[in-house]
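The primary structure of each chain is shown beneath.
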Amino acid sequence: MAIATMNNETDTISFDQMKTQIDRALEELAIKHNTFVSEPYIGFEKGFTKISVSIPELSPALIIQCLGIIKDHLEHIRIHAFSDGYYAVQALNKNLFKTENIFDNLKIEFSGLTTNFKIECTKKGNLSQEEINCINALVYKAYSQAKENPVTRLIKHGASVYTDAGGLDWNYIAGYEEVKRTIRESIILPLKNPKVYDSIAEITRKTFETNRPKAILFEGPPGVGKTTIARIIAKEVQVPLVYVPVESIMSKWYGQSSQNLAAIFDACDDIGGSILFIDEIDSLAGSRDQNMYEATRRILSVLLRRLDGIGAISNTIVIGATNRKQDLDHALISRFDQTIHFPLPGEQERASIFGNYAKHLSLEELAKLAAASNSLSGRTIKDLCEQTERRWARKLIIKNLPPSPPPFEYYYHTVKSFIAAQA
Ligand SMILES: Nc1ncnc2c1ncn2[C@@H]1O[C@H](COP(=O)(O)OP(=O)(O)OP(=O)(O)O)[C@@H](O)[C@H]1O
Ligand SMILES: [Mg+2]
């Protein structure tokens, strides 16, 4: 049971002055935290001052911190109630043996179980400056402690969060059997069976540390399915995919990008399990521009430290993607447990990719398209199939024909002209 002195009755502040001070403090709070603070109730009822302020949330951790604040401002207090959703603190008389009228002293109540969280203060007569300061400090604490939902924080810091892969599955990616097998073995298996990996590490290591992969690099030319596969992995292991395009974070948050990246890592930990997909990681390697270089250096150092810090306790797994592994900082490359190379599709694979986007064509026709499309990526193949469909659709509309799929010649023509234009 704790303790506090009531201030002298003489040093109380007038009701109007108190109201002004509290109103002003809440306005400053709203600006500082860039948040909405609802208007407090400040009234005088039957000789008692009553103040009620809404707060974003109420947790036992917050209450412990608030008790510390109350102790800093009031000498003798008694904890009146300490139960889920209701906590009350009563200020005592200066002379602890004097118990009469203690309920006229300041009483601070915290309430709310799932919603309508608030701090309410009542006291007979006016409050002292110390008591007003105490109330303001409590409200400040409640607001600064309340963390926004991690997904909201991620979005605020420039990441996108995908919680489903929009109908994507492994069949969506044609070919790439070797890549798929490696990913199943080195990412999916550990993510789905963490306990097996951890118990091995517990037996083998003098000091426990995880043997699960923490960071994996996807490397390969543009349009070969790196991003798509990351989304499929997230769907398969049923964790959110946090997508961070480094380039846009750097340009959008110029100067602040390193803090943003750090905040993104924190929010991922708070989600309690996610795949953090850092795309275009090579943009950290680039630019000679002096100012940009400084920002790049800082963001890189955050990344290096965070990759080191992802240990047994974190359920975040980082996947980095790059088109230019050769340009990446060596310290960065060495932080990745494994690199998975995504090559351009071979001829067989191109035939399967065409098969995904033009399933009505025969195997021979698909083989002809594959032979004609040397060195094209999956993305380009998909684009060419779409172009063909649009060209065909225009023709159907003009000739007023019923829907049908484009014939082989249309595809072949699109591919041939694309290759010719490239040469
Ligand atoms: N093997 C494949 N099978 C089917 N579709 C593919 C294949 N490879 C790529 N694609 C298609 O190409 C598109 C681009 O793929 P994705 O965005 O995943 O490539 P990326 O490797 O991340 O490219 P970048 O390096 O430019 O970010 C996807 O929409 C996907 O549909
Ligand atoms: Mg990509």
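Residues numbered from 1 in each chain as written. Chains lettered and ligands numbered in written order. Predicted model: local features only at pLDDT ≥ 70, side-chain atom pairs only at ≥ 80, totals over all residues. Heavy atoms only, no water.

> I tried to follow the sheet that holds strand E2 (residues 48–54) on my own but got confused; where do I start?
To summarise the sheet geometry, strands pair through backbone hydrogen bonds and adopt either a parallel or an antiparallel arrangement. Spatial strand order, E1-E2-E6-E5-E4-E3: 6 strands in an open sheet with antiparallel pairing. Looking at strand neighbours, the two that pair on one side only are strand E1 (41–45) and strand E3 (77–83), the edges of this open sheet. Recorded for the sheet is a direction-independent mean angle of 10 degrees between the axes of neighbouring strands. On top of the sheet, helix H3 (residues 129–145) reaches E2, strand E5 (107–111) and strand E6 (118–124); it is set at about 170 degrees to E6, its chief contact. (Pairing = 2+ DSSP bridges. Helix = DSSP H or I, 4+ residues; strand = E, 2+ residues; numbered from the N terminus. Axes fitted to C-alpha atoms, helices over the stretch in contact; angles between N-to-C directions. Contact = heavy atoms within 4.5 Å.)

> Whenever I open this one, the nonpolar core confuses me. Can you help?
For soluble globular proteins, nonpolar side chains are generally found buried alongside one another. Counting residues in hydrophobic clusters, the biggest one holds 43 residues, and the most contacted among them are Ile183, Ile187, Phe218, Ile229 and Ile233. When residues of this core are assigned to their parent elements, the largest contribution, 6 residues, is made by helix H7 (residues 226–237). Of all hydrophobic cores here, the second largest spans 36 residues; its members include Leu58, Phe110, Cys121 and Val139. (Core = buried A, V, L, I, M, F, W, Y, C linked by side-chain atoms within 4.5 Å. Buried < 20%, exposed > 50% of the residue type's maximum accessible area, 1.4 Å probe, protein only.)

> Even after reading the chapter, I still don't get the packing of helix H2 (residues 60–73) against H3, so can you show me in this structure?
The geometry of a pair of packed helices is captured by two quantities: the angle between their axes and the separation between those axes. Relative orientation of the contacting elements H2 and H3 amounts to 160 degrees, with a least axis distance of 9 Å. The angle between H2 and H3 places the two elements in the roughly antiparallel class. The chirality of how H2 crosses H3 is right-handed. The segment H2 lies against H3, with Ala61, Leu62, Gln65, Cys66, Ile69, Ile70, Asp72 and His73 engaging Glu130, Asn133, Cys134, Ala137, Leu138, Lys141, Ala142 and Gln145. (Parallel < 35°, antiparallel > 145°, perpendicular 65-115°, else oblique. Left-handed = near helix turned anticlockwise from the far one by under 90°.)

> Help me understand the packing of aromatic side chains, please; the structure alone is not making it clear to me.
Each aromatic ring pair is specified by the distance between its two centres and by the angle formed by the two planes. Inspection of every chain in the model, using the stated rule, returns 8 aromatic pairs. Seen from their ring centres, Phe82 and Tyr87 are 4.9 Å apart, and the 80 degrees between their planes marks the pair as edge-to-face. With 5.8 Å between their ring centres and 20 degrees between their planes, Tyr243 and Phe277 make a pair best called stacked. Here Tyr243, found in strand E9 (residues 241–245), pairs with Phe277, found in strand E10 (residues 274–279); they are 34 residues apart in sequence, far enough to count as distant. (Phe/Tyr/Trp six-rings, centres within 6.5 Å; stacked < 30°, edge-to-face > 60°.)

> I would appreciate a short explanation of unusual backbone geometry in the present structure.
Of all residues except glycine, most have a negative phi; of all peptide bonds, most are trans. Phi is positive for Lys46, close to 45 degrees, though the residue is something other than glycine. With respect to the helices, strands and loops of the structure, Lys46 is situated in the loop between E1 and E2. Accessibility expressed as a relative area gives 83% for Lys46, which makes it exposed. One non-glycine residue with positive phi stands out, namely Asn400, at about 55 degrees. The residue Asn400 is located in the loop between helix H14 (378–399) and helix H15 (408–422) in this model. The exposed category is assigned to Asn400, whose relative accessible area is 71%.

> Just checking my understanding: could you explain helix H1 (residues 15–32) for this structure?
The α-helix advances 3.6 residues per turn, and as a result positions three or four apart in sequence lie on the same side. For H1, spanning 18 residues, the distance from its first C-alpha to its last is 26 Å, which sits close to the expected 26 Å at 1.5 Å a residue. For H1, the secondary structure elements touched by its buried residues are E1, E2 and H3. (Expected span 1.5 Å × (residues − 1).)

> Is there a simple way to explain the side chain of Glu131 in this structure?
Relative to the assigned elements, Glu131 resides in helix H3. Looking at Glu131, the relative accessible area reads 0%, which means it is buried. There is a polar contact of 2.8 Å between the side chain of Glu131 and the backbone nitrogen of Ser128. (Polar contact = N/O pair within 3.5 Å; in protein donor to acceptor, adjacent residues only side chain to side chain.)

> Got a minute to help me understand the pattern of salt bridges in this structure?
As a working rule, side chains carrying opposite charge can pair if their charged atoms are close by. Per the counting criterion, the structure on display carries 10 salt bridges. Across the pair Arg306 and Asp266 runs a salt bridge whose closest N-O atoms are separated by 2.9 Å. Of this pair, Arg306 sits in helix H10 (residues 290–309) while Asp266 sits in helix H9 (residues 257–271), placing them 40 residues apart in sequence. With relative accessibility at 24%, the residue Arg306 sits in the partly exposed group. Each member of the salt-bridge network shares a partner with another, and the members are Glu178, Arg181 and Glu185. (Salt bridge = Lys/Arg side-chain N within 4 Å of Asp/Glu carboxyl O.)

> What's the story with the domain arrangement of the chain in this structure? I'm lost.
Here the chain is partitioned into domain 1 (9–146), domain 2 (151–341) and domain 3 (347–422). Just the C-alpha atoms count here: the centres of domain 1 and domain 3 sit 70 Å apart. (Domains from an automatic or database assignment.)

> Quick question: what am I supposed to make of the site of ligand 1 here?
Not every one of the 17 residues close to ligand 1 is listed here, only the nearest: Gly223, Lys226, Thr227, Thr228 and Tyr357. Measuring from an oxygen atom of ligand 1, one finds a side-chain N or O atom of Tyr172 at 2.9 Å. Here Gly223 contributes a backbone N or O atom positioned 2.8 Å from an oxygen atom of ligand 1. Relative to its free-state accessible area of 630 Å², ligand 1 is covered by the protein chains to the extent of 88%. Counting only elements with at least two residues in the shell around ligand 1, the list comes to H7, helix H12 (347–357) and H14. Residue classes in the shell around ligand 1 are distributed as 8 nonpolar, 6 polar and 3 charged. In terms of domain composition, the shell around ligand 1 takes at least three residues from each of domain 2 (151–341) and domain 3 (347–422). (Near = heavy atom within 4 Å. Areas by Shrake-Rupley, 256 points an atom, 1.4 Å probe, with all protein chains shown as cover. Nonpolar A, V, L, I, M, F, W, Y, C, P; charged D, E, K, R; others polar.)

> Got a minute to help me understand the side chain of Thr322 in this structure?
Inspection of the secondary structure puts Thr322 in strand E11 (residues 316–322). From its side chain, Thr322 meets the backbone nitrogen of Arg324 in a polar contact 2.9 Å long. When near neighbours in sequence (up to four residues on either side) are disregarded, Thr322 contacts Leu217, Phe218, Glu219, Gly220, Lys226, Ile281, Asp282 and Leu328.

> Explain the sheet that holds E10 here, please?
If you walk across this open sheet you meet the 6 strands as E7-E9-E10-E11-E8-E12, and the pairing is mixed. Each end of this open sheet is capped by a strand with a single partner; those strands are strand E7 (160–162) and strand E12 (338–341). Looking at each pair of strands side by side, their axes are set apart by 25 degrees on average, direction ignored. One ladder, built from 3 bridges, connects E7 with E9; its direction is antiparallel. Across the sheet, the residue bridging to Tyr162 is Leu241, located in E9. In the packing of helix H5 (residues 177–192) onto the sheet, contacts are made with strand E8 (215–219), E10, E11 and E12, and the angle to E12 comes to roughly 145 degrees.

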